[in-house]
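Coordinates in review
Each chain is listed here by its residues.
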Amino acid sequence: MSSAEIRNRFLAHFEARGHTVVPSASLLLDDPNLLFVNAGMVPFKPYFLGQETPPFQRATSVQKCVRTLDIEEVGKTTRHGTFFQMNGNFSFGDYFKEGAIQFAWELITNAQADGGFGFDPDKIWVTVLPEDAEARDAWKRIAGLPDDRIQPRGLKDNYWNMGVPGPGGPCSEIYIDRGPEFGPDGGPEADEDRFLEIWNLVFMQEELSAVRAKDDFDIAGPLPSKNIDTGMGLERVAYLLQDKHNMYEIDTIFPVIEKAMELSGKKYGASGADAHVDDVRFRVVADHVRSSLMLIGDGVTPGNEGRGYVLRRLLRRAVRNMRLLGYQDPALPELLPVSRDKMGESYPELVSGWDRIAQIAFAEEEAFRKTLQAGTQIFDLAAGDVKRSGATTIAGDKAFALHDTYGFPIDLTLEMAAEAGLSVDEPGFRQLMAEQRERAKADARAKKGHHADTGVYRDILDAHGPTEWLAYETLETESKPLALLREGAAVPALTGGEIGELVLDRTPFYAESGGQVADAGVIEFEGGALEVLDVQRPVRGLVVHQVRVLDGELRVSRLAGARTSTTESGLVHAKVDPQWRIGARQAHSGTHIVHAALREVLGPTALQSGSYNRPGYLRLDFGWLNALSPDQVREIEQVSNNALRADLPVGWQYMTLSEAKDWGAIALFGETYDDQKVRVVEIGGPWSRELCGGTHVEHSSQVGTIVVTSEASVGSGNRRIEALTGVEGFDYLARERDVVGQLSTLLKTQSGDIVGRVGDLLERLKQSEKEIEKIRLAQLLSGGAALAEGASDVNGVRLVAQRLDGASGGDVRTLATDVRARLAGDTPAVVVLIGAADGKAAIVAALNDAAQARGLAAGDLVRAAAPFLDGKGGGKADLAQGGGTDVSRIDEALAAVTAALAQG
């Protein structure tokens, strides 16, 4: 049974049992605790935490997941990978343990002809928490499992929580007995290779007040409603149903291994001394290629931190392992399409977005190939230093720097060190790696405490219902205050100068979202006024205004659980600043227009990856590998302004997410959308169609103007365009006009001739600088004769050892070679000059042929002087140079050279 078929059967099974099919969320959900979605329940966390009301009682999904804690262990086990798919079914206060067990048993044991997976009931084992008699009884009653195949296991195995206060509960895991050839008998407790877990049923029934460890927590009490969260590993089910020994051999992964075998000439599963090592490399390649494909597909680009760093590691480890398998040519153009063809059966966006994915991945491999070349040179320098010192071990910090700073894999460092007759301080390297991982884990643990306490907002929403949000319809409303908050707690009043939060029953204020900042304005009440500083939606359906009291005192009396509230002065008048809203609309519509222009100029792979707009200003981030040329930037600006001149209609309508995608609307990477209803904004019909909840102009001409002010890199594979709109754009152009006018006056030329005039001046300046340099060099060399004449005799060697204040490295080298030429002859001659400029010292030693014949070497003399300058250097026998940072000891350095010659 193919992976796609397993996926479809799972969803169909639960859809037939009243579950809403929810598409997989992006791997990049906005969760402060997670780098990537790592479990099927993550998109449903707001429902389980009580932050939002679920729109359905039953749901099912196949969620894309990535786990990255132990990337270096991938391939060494048979069932763990970075990317995987989690089949899940969820109940929000509907069915509980019995229902979850019933649905699971039916799916895994029903015959394949009837839509099930057809597992043999006699090979199924389950585990339960010892205290969970309800689950044990349900398994016996529904599945007919005997007691010896229902194993009790402790809290570490059979209790689930999120690692933070919130919901938790016992769980029951389902295992398949693979047979005696895979390990000893005795159930999951005895061997989890033979008894393979495929499904975990979590019974959320308790509220946890503190969580210290997986098996150490405090229970505050029962949850108001009991929930079900299950997770079935699709890949694990696939390799059982496809009769494979591990996940790397299933239909969506093994084709990459087959292609890697073809390219490398090596065989997966072969016998021999190196067979296991090669098998691990094949698995790493297959896993990392697929994981990279899925990450790029969801909008990740390679970088040096966060998600981008994980992707970079995956891509580079795949390339590196192909090289270790003997394949030296670019590998990703051969391997990535194989994974696309298999995963595209379930995720068609991988096919439609292939051009962008390929562009990013192939460029990263090319960059890594250059890194390998540069890293090899850095390794050679490090190895040379070790050998010169007489040691045989490359320090752990050197190996770590190669790995961490330059992306140079440790296995390559080990291999090259062995070839050079050296070893590597692996324990030191591993210690630094462990410290780095611990810092990352500590950061992750710290972030776990960053869950916003949304309980107070949830109470307000439950008591009063959702805010009537009227930002699309009006700029003013008469509204009823519902609650006042300060520092997260309800307060009865806010008075002069205080900052707090105000919840109204209805509001015209736009709450920050989709890159658009919140509206500004005032909220007036009898006897006073509030300045609106910010507007947010802390929980879905509730709009909260951050306000500062300008005048008067606002009081709201709110009884616990009451559905009404009053102010002493009655209703308030909420007013959005109309000029602010006009500017915000211009900027947001301008963002859509620039995005469409960008794609028209650069092609469909130039997709927005982020945006920010406020009145008069917009910035748009997009995936692109190279800097744009001035002509491209100018064309993007021109296409944008042509769209304004065309007075294109701007409209919006609501539809389902699937309808929007069929209509060609662009959904942005990392955004979460409600499949029941999304808002599609279009400008000029199909020219620009995007999912967007922002405020917009009614015709493109109302944007006024779009002036691109900058285009720059914001990380590997990401660029940023910034632009001004409306009055701010015209003001910018006016300032530019004033600058041109001032330049015209200063240069005494017409504005159209400024560029030529400045060019002429720069050319004259360049010629003047050349003449000055010739004069300076002539003056420098004029001192060469005097230095040669002043040479002293040291042990039969004519020595010129001189300090040159104000001379840089190039000057010192030029003068040293000039003086050496003046000392040519049969008598050994040595020139050592040390310049001092800008707080740095530059050393140059130059020897004639007679000095070299005597056994002297310029590099030795530089090395004798350099330590006094807190520096180093070296070179050939006839000419060497170095430098240092301590100019106060130049005289000591020169004395050291004299002493070295005196000693022979």
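Considerations on the overall build of the chain
Of regular secondary structure, the chain possesses 26 helices and 36 strands. Expressed along its principal axes, the backbone C-alpha trace of the chain runs to roughly 105 × 80 × 50 Å. Only carbon and sulfur atoms are counted for the fraction: they give 49% of the accessible area of the chain, which is about 40500 Å². Each charge sign in the chain was given a centre, from 96 positive and 130 negative side chains, and these centres are 3 Å apart.

Section: the sheet that holds strand β32 (residues 797-805)
Overall, mixed pairing links the 6 strands, which are arranged β31-β32-β33-β34-β36-β35 in an open sheet. Pairing within the sheet leaves two strands with one partner each, and these edge strands are β31 (792-794) and β35 (872-875). When the angles between neighbouring strand axes are averaged without regard to direction, this sheet yields 20 degrees. For strand β33 (residues 829-837) and strand β34 (residues 840-847), the ladder comprises 8 bridges, and the chain directions are antiparallel. Looking at β34, one finds that Val 831 is bridged to Ala 846. Contacts between helix α26 (residues 890-902) and the sheet are confined to β31, β32 and β33, with β33 contributing the most and set at about 170 degrees to the helix.

Re the pairing of strand β24 (residues 608-614)
Sheet analysis places β24 next to strand β25 (residues 617-623), joined by 6 bridges and oriented antiparallel. In the sheet register, Gln 608 faces β25, and the bridge partner there is Phe 622. If you look at the hairpin formed by β24 and β25, you'll find 2 residues sitting between the two strands, and Gly 616 has a positive phi there, around 85 degrees.

Some details on the side chain of Glu 364
You can see Glu 364 is positioned in helix α12 (residues 354-388). You can call Glu 364 buried: its relative accessible area is 4%. For Glu 364, the contacting residues outside a window of four places in its chain are Pro 302, Arg 312, Leu 315 and Arg 316.

Some details on the confidence of the model for the chain
Where the model shows low pLDDT, its predicted coordinates should not be examined in detail. Mean pLDDT over the chain works out to 89, with 95% of the residues at or above the 70 mark. Counted against residues more than four places away or in other chains, residues 447-452, with its pLDDT under 50, gives 12 contacts. In the model, residues 558-569 has pLDDT below 50 throughout and makes 28 contacts with residues more than four positions away in sequence or in other chains.

Side note on the packing of aromatic side chains
For any pair of aromatic rings, the description rests on two quantities: the centre-to-centre distance and the angle between the ring planes. Scanning the entire structure with this criterion turns up 25 aromatic pairs. Both rings, one in Tyr 47 and one in Phe 92, keep their centres 5.6 Å apart while their planes meet at 85 degrees; by these two values the pair is edge-to-face. Here Tyr 47 is found in helix α2 (residues 45-48), whereas its partner Phe 92 is found in strand β3 (residues 83-92), with 45 residues between them in sequence. Each ring, one from Phe 400 and one from Phe 429, has its centre 6.4 Å from the other, and the planes form 55 degrees; the classification is tilted. Here the residue Phe 400 occupies a position in helix α13 (residues 396-404), and Phe 429 occupies one in helix α15 (residues 426-448), the gap between them amounting to 29 residues. The class of Phe 429 is buried, set by a relative accessible area of 1%. Ring pairing ties together the aromatic residues Phe 44, Tyr 47, Phe 48, Phe 56, Phe 90 and Phe 92, which thus form one cluster.

Quick word on unusual backbone geometry
Working note: non-glycine residues mostly have negative phi, and peptide bonds are mostly trans. Phi at Glu 487 takes a positive value of approximately 55 degrees, unusual for a residue other than glycine. In this fold, Glu 487 is placed in the loop between β14 (481-486) and β15 (489-490). Glu 487 gets classed as exposed once you look at its relative accessible area, which sits at 80%. In the Ramachandran plot, Asp 870 falls in the positive-phi region, its phi being about 55 degrees despite a non-glycine side chain.

Brief notes about the pattern of salt bridges
The tally for this structure, following the rule as stated, stands at 46 salt bridges. For Arg 388, the salt bridge identified is with Asp 385, shortest N-O distance 2.5 Å. Taken as a pair, Arg 388 and Asp 385 lie in helix α12 at a separation of 3 residues, close to a single helical turn. Arg 388 sits in the exposed class, given a relative accessible area of 64%. A single network of salt bridges, built from pairs that share partners, joins Arg 153, Asp 157, Glu 189 and Glu 192.

Some details on α26
Here α26 is 13 residues long and its end C-alpha atoms lie 19 Å apart, about the 18 Å a rise of 1.5 Å per residue gives. Buried within α26 are the following residues: Ile 890, Ala 893, Leu 894, Ala 896, Val 897 and Leu 901. Seen end-on, α26 carries its buried residues on one side only, within an arc spanning 150 degrees.

Side note on the nonpolar core
Ranked by size, the top nonpolar core spans 107 residues in total, and within it Ile 108, Phe 119, Trp 139, Ile 174 and Trp 199 carry the most contacts. Apart from residues no more than four positions distant in its own chain, Trp 139 is found in contact with Ile 101, Trp 105, Val 126, Val 128, Gly 144, Leu 145, Ile 150, Ser 172, Ile 174 and Leu 201. Listed in part, the 28 residues of the second largest apolar core include Leu 620, Ile 636, Ala 643 and Ile 683.

A look at the packing of helix α1 (residues 3-15) against helix α6 (residues 234-241)
Interhelical geometry of α1 versus α6 gives an angle of 120 degrees and a closest axis separation of 10 Å. Here α1 is positioned oblique relative to α6, judged by the angle of their axes. The way α1 lies across α6 gives a crossing that is right-handed. Each of Ser 3, Ile 6 and Arg 7 in α1 lies in contact with α6, whose residues at this interface are Leu 234, Val 237, Ala 238 and Leu 241. Broken down by class, the residue content of the contact of α1 with α6 amounts to 5 nonpolar, 1 polar and 1 charged.

Topic: the sheet that holds strand β30 (residues 718-725)
Pairing is antiparallel in the open sheet, where 4 strands are placed in the order β24-β25-β30-β29. Two strands lie at the open edges of the sheet, namely β24 and β29 (706-713), each paired on one side alone. Ignoring which end each strand starts from, the neighbouring axes of this sheet average 15 degrees apart. Pairing of β25 with β30 involves 7 bridges; the strand directions are antiparallel. Directly across from Asp 621, in β30, lies its bridge partner Arg 720. Each of β29 and β30 is contacted by helix α18 (residues 630-645), which is oriented at about 150 degrees to β29, the strand it contacts most.

Structural notes on the side chain of Ser 700
Here Ser 700 shows up in the loop between β28 (688-691) and β29. Take Ser 700: its relative accessible area is 0%, and that puts it in the buried class. At 2.7 Å, the side chain of Ser 700 and the backbone nitrogen of Leu 648 are in polar contact. Setting aside residues no more than four positions away along its own chain, Ser 700 makes contact with Ile 593, Ala 643, Leu 644, Asp 647, Leu 648, Val 650 and Ile 683.

Considerations on the pairing of strand β36 (residues 879-884)
Along a regular strand, successive side chains alternate from one face of the sheet to the other. Two strands pair when backbone bridges link them, and β34 and β36 are joined in this way by 6 bridges, in the antiparallel orientation. Paired with Ala 841 across the bridge in β36 is Gly 884. Looking at chain direction, β35 and β36 are connected through 4 bridges and run antiparallel. Bridged to Gly 875 within β36 is Ala 880. A loop of 3 residues connects β35 with β36, the two strands running antiparallel in sequence.

What to know about a nonpolar patch on the surface
Taken together, Val 739, Leu 743 and Leu 746 make up a surface patch of nonpolar side chains, about 280 Å² in accessible area. One can find Val 739 in helix α20 (residues 726-747).

Structural notes on α6
The buried fraction of α6 is high, at 8 of 8 residues. Turning to α6, its buried residues number three or more, namely Leu 234, Glu 235, Arg 236, Val 237, Ala 238, Tyr 239, Leu 240 and Leu 241. Where α6 ends, the next residue or the one after it, Asp 243, has phi of about 55 degrees, a positive value.

Conventions and cut-offs
- Residues numbered from 1 in each chain as written.
- Predicted model: local features only at pLDDT ≥ 70, side-chain atom pairs only at ≥ 80, totals over all residues.
- Heavy atoms only, no water.
- Helix = DSSP H or I, 4+ residues; strand = E, 2+ residues; numbered from the N terminus.
- Areas by Shrake-Rupley, 256 points an atom, 1.4 Å probe, with all protein chains shown as cover.
- Lys, Arg positive; Asp, Glu negative; His and termini not counted.
- Charge placed at Lys NZ, Arg CZ, Asp CG, Glu CD.
- Pairing = 2+ DSSP bridges.
- Axes fitted to C-alpha atoms, helices over the stretch in contact; angles between N-to-C directions.
- Contact = heavy atoms within 4.5 Å.
- Buried < 20%, exposed > 50% of the residue type's maximum accessible area, 1.4 Å probe, protein only.
- pLDDT = per-residue confidence, 0-100.
- Phe/Tyr/Trp six-rings, centres within 6.5 Å; stacked < 30°, edge-to-face > 60°.
- Salt bridge = Lys/Arg side-chain N within 4 Å of Asp/Glu carboxyl O.
- Expected span 1.5 Å × (residues − 1).
- Arc of directions from axis to C-beta.
- Core = buried A, V, L, I, M, F, W, Y, C linked by side-chain atoms within 4.5 Å.
- Parallel < 35°, antiparallel > 145°, perpendicular 65-115°, else oblique.
- Left-handed = near helix turned anticlockwise from the far one by under 90°.
- Nonpolar A, V, L, I, M, F, W, Y, C, P; charged D, E, K, R; others polar.
- Polar contact = N/O pair within 3.5 Å; in protein donor to acceptor, adjacent residues only side chain to side chain.
- Patch = residues over 30% accessible without salt bridge, like charges linked within 9 Å, V, L, I, M, F, W, Y side chains within 5 Å.

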